[in-house]
Amino acid sequence: MFKFIVKLHPEIVIKSKSVRKRFTMVLERNIKLVLSRFDEKVTVKNNWDNITVVTQSEDPKIRNAFISGLGRIPGIVQFLEVQETTFETLDDIYQKALPLVGPQIENKTFCVRVKRQGDHDFTSSDVERYVGGGLNQNVPGARVQLRKPDVTVKIEVKGDRAYIVTTKHLGMGGFPLPTQEDVLSLMSGGFDSGVASYQMIRKGARTHFLFFNLGGAAHEIGVKQVSHYLWKQYSSTHKVRFITVDFEPVVAEILENIESSQMGVVLKRMMMRAGSAVAERFGIQALVTGECIGQVSSQTLANLNVIDRVTETLILRPLIQYDKEEIIRIARQIGTCEMAESMPEYCGVISKKPTVKAKLEKIEAEESKFDFDVLNTVVENAVVKDIREIEAEAKEEVKEAENVSDLPAGAVVVDIRSPEEEDAEPLELDGIEVIHLPFFRLATKFGDLPQDKDYYLYCNKGVMSQLQALILHENGFANVRVYRP
């Protein structure tokens with residue numbers, strides 16, 4: 001049996017009684033929904049100040065799945081893994097605690113903290129002294145220290161049962177889904193839009209995805225993968241939409257009619273117009289972008305001011321003051337970094353001297369040359385999918401790129417990891433040729449390889465290799481699969 005005590009995010013705890021009740025009920029439902037995928041008989045109980053999760057399974061795989069699942073549910077600040085035991089004497093509690101916490105406190109300072117509920121002939125301090133004294137005497141190098149110890153051993157006593165905390169796991173924090181209104185995130189597949197979407201999911205907003213396609217099928221495949229990954233990892237308790245708008249006709253109209261220095265701001269305003277129309281269609285009140293101050297020319301305060309004036313729809317920018325390094329760090333933490341790194345750059349318009357201080361009058365004068373029927377048409381023709389369809393769709397798209405664990409004779413493995421990763425952990429396979437071609441050179445260099453061979457792309461997690469295989473397929477290379485040992 002495995003048991004977890006889920007702690008609520010502090011911002012939930014300080015809500016009014018009615019709001020807190022609603023939030024905890026939503027969180028309880030989400031936990032049940034996620035964990036029942038691993039154990040249909042999981043017990044989830046709302047205790048007002050925490051939520052307990054119990055599985056009768058003793059399978060370590062179930063334990064790991066629960067830890068992973070709880071760590072990806074918005075609204076959980078931390079969760080404690082506990083071992084439950086019945087007892088008759090204080091020594092029973094100590095004997096249970098010794099093998100569980102002993103390895104954690106070897107050669108460290110520690111203290112024991114006990115919370116007690118019920119009728120007992122001992123106090124919480126009695127338990128702390130007895131268990132602490134026993135651990136101090138019998139664990140090599142362990143030493144009691146009440147102020148700022150290396151390890152705090154936590155025990156809860158309720159009636160005739162003791163709960164010994166063995167591990168503390170960190171959660172996402174934030175609010176449960178969907179305790180906030182829906183939002184529509186403008187996805188490019190890069191670092192910024194993925195992290196911005198994650199931040200809104202974390203805040204309890206059901207986040208739908210809107211993609212303006214500037215780069216054809218390969219671009220769409222990549223953005224679909226990032227969007228589906230974010231949904232499946234962090235918000236799969238609720239279905240959302242993935243919406244594609246073919247923006248190439250809009251870009252063509254801008255390139256033909258708009259003065260070069262103004263094109264970047266005009267393109268962003270067209271995206272906001274289209275995004276607002278899509279949001280209104282589905283009753284969504286806010287757009288989300290990954291923009292941050294000064295990162296590119298269109299993201300100066302002056303330009304953002306002009307861009308925002310094109311719509312009355314609320315535009316949220318959760319990364320507005322982040323540094324790029326911070327954004328990449330979060331992307332690595334949430335698992336989108338590899339996909340963002342391998343995403344080709346698709347610039348809608350490139351100006352030689354883009355304006356950094358756009359004037360509304362000048363922009364509106366340029367937009368008067370634009371044929372808005374083009375914009376209206378691409379919005380009307382937007383393709384709307386249930387995000388759950390993408391997984392089945394992706395499987396259909398990658399028939400030629402199925403994962404392979406056993407390599408056939410004559411296969412060539414292409415290690416697409418970065419040079420640093422390859423140097424740290426070289427890939428060597430008996431009897432199989434391995435070549436190293438980093439993902440950022442694959443698009444330009446793969447065509448130079450002999451095309452009479454079958455190639456198997458390799459990376460640590462298989463995410464980047466899968467995406468690169470899809471892109472190569474779209475470019476006509478059918479001799480590519482993915483190697484997953």
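Each residue is numbered by its place in its chain's sequence as written, counting from 1. Per-residue local features of the predicted model are confined to residues with pLDDT of at least 70, and side-chain atom pairs are confined, for both listing and counting, to 80 or more; whole-chain, interface and lining totals are unaffected and use all residues. Hydrogens and water are ignored here; the side-chain numbers use all heavy atoms of the structure.

Draft legend 1. Structural context of the environment of Val296. Looking at the secondary structure, you find Val296 in the loop between β12 (286-288) and α10 (301-308). Measuring from C-alpha to C-alpha, the distance between Val296 and Val356 comes to 9.0 Å, with 60 residues separating the pair along the chain. Counting from the N terminus, the helices are the DSSP runs of H or I reaching at least four residues and the strands are the DSSP runs of E reaching at least two.

Draft legend 2. A look at the sheet that holds strand β3 (residues 50-55). Pairs of strands are assigned from DSSP output, requiring at least two bridges between the strands. The 8 strands lie next to each other as β2-β3-β1-β4-β8-β7-β5-β6, forming an open sheet whose pairing is mixed. Of all strands in the sheet, those bounded by a partner on one side alone are β2 (43-46) and β6 (143-144). Alignment of strand β5 (residues 109-117) against β6, held across 2 bridges, turns out to be parallel. Bridge pairing in β6 places Thr109 opposite Arg143. Those strands touched by helix α5 (residues 124-138) are β5, β6 and β7 (151-158), and its axis lies near 150° from that of β5. Every residue pair with non-hydrogen atoms within 4.5 Å of one another is taken to be in contact. In this description, a line fitted to the C-alpha atoms serves as the axis of each element, helices being fitted only across the stretch in contact, and the angle between N-to-C directions of two axes falls anywhere from 0 to 180 degrees.

Draft legend 3. A look at helix α8 (residues 248-257). All buried positions along α8 are accounted for by Val250, Val251, Glu253 and Ile254. In an axial view of α8, the angular spread of the buried residues amounts to 160°, which keeps them on one side of the axis. Structurally, α8 contributes buried residues whose contacts are with α9 (263-281) and α14 (372-380). Any residue under 20% of the maximum accessible area for its type is buried, any over 50% is exposed, and the rest in between are partly exposed; the area is computed with a 1.4 Å probe on protein chains only. When we speak of the arc, we mean the arc of directions from the helix axis to the C-beta atoms.

Draft legend 4. Inspection of the packing of α9 against α10 at higher detail. Running from N to C, α9 and α10 point in directions that differ by 40°, and their axes come no closer than 9 Å. Classified by the interaxial angle, the pair formed by α9 and α10 is oblique. Here the hand of the crossing between α9 and α10 comes out right-handed. When α9 is examined against α10, the residues Val265, Lys268, Arg269 and Met272 are found in contact with a partner set consisting of Asn303, Val306 and Ile307. Of the residues assigned to the contact of α9 with α10, the class counts are 4 nonpolar, 1 polar and 2 charged. In this scheme, roughly parallel covers angles under 35 degrees and roughly antiparallel covers those over 145, while 65 to 115 is roughly perpendicular and the rest are oblique. In this scheme the crossing of two helices becomes right-handed for a clockwise turn of the near helix relative to the far one and left-handed for an anticlockwise turn of less than a right angle. The classification used treats Ala, Val, Leu, Ile, Met, Phe, Trp, Tyr, Cys and Pro as nonpolar, Asp, Glu, Lys and Arg as charged, and all other residues, Gly among them, as polar.

Draft legend 5. Representation of the UniProt feature "binding site: ATP" (unreviewed entry) in the protein chain in the model. UniProt positions are given in the numbering used here, feature names are shortened, and annotations may be inferred rather than shown by experiment. The sites that UniProt annotates as "binding site: ATP" (unreviewed entry) are Leu186, Met187, Lys268, Gly290 and Gln299. Mapped onto the secondary structure, Leu186 falls in strand β9 (residues 180-187). Residue Leu186 is classed as buried on the basis of its relative accessible area, which comes to 12%. For Leu186, the residues in contact, after removing those within four places along its chain, are Ser193, Leu210, Phe212, Met272, Leu287, Val288 and Thr289. Mapped onto the fold, Gly290 is located in the loop between β12 and α10. Not counting chain neighbours up to four residues away, the residues in contact with Gly290 comprise Asp192, Ser193, Ala196 and Leu319.

Draft legend 6. The environment of Ser124, seen in detail. Structurally, Ser124 is set in helix α5. Linking Ser124 and Gln468, residues 344 residues apart in sequence, is a C-alpha distance of 59 Å. Setting aside its immediate chain neighbours within four residues, Ser124 contacts Val114, Lys115 and Arg116.

Draft legend 7. Region of the structure containing the domain arrangement of the protein chain. Under the domain assignment used here, the protein chain contains domain 1 (2-170), domain 2 (180-386) and domain 3 (401-483). Segmentation into domains, and thus their bounds, comes from an automatic or database assignment. Placing the centre of domain 2 and that of domain 3 at their C-alpha centroids yields a distance of 31 Å. Between domain 2 and domain 3, the contact holds 11 residues from the first and 10 residues from the second. With both sides pooled, the region where domain 2 packs onto domain 3 buries about 1100 Å², and carbon together with sulfur makes up 69% of that total. Sorting the residues of domain 2 by area buried against domain 3 places Ile221, Glu338 and Ser342 first, and these three jointly supply 48% of that buried surface. Nitrogen and oxygen atoms within 3.5 Å of one another constitute a polar contact, given that in protein one can donate a hydrogen and the other can accept it, and given that sequence-neighbouring residues count only through two side-chain atoms. The interface formed by domain 2 and domain 3 holds 0 residue pairs in polar contact (both at pLDDT 80 or more) in total. Among the elements of the structure, α7 (216-234) and α12 (337-342) are those that each provide at least two residues to the side of domain 2 that touches domain 3. The biggest single contributor to the side of domain 2 that touches domain 3 is α7, with 5 residues. Looking at the side of domain 2 that touches domain 3 residue by residue, the class counts come to 6 nonpolar, 3 polar and 2 charged. Buried area, as used here, totals the accessible surface that two parts lose on assembly, with accessibility defined by a 1.4 Å probe and the loss added over both.

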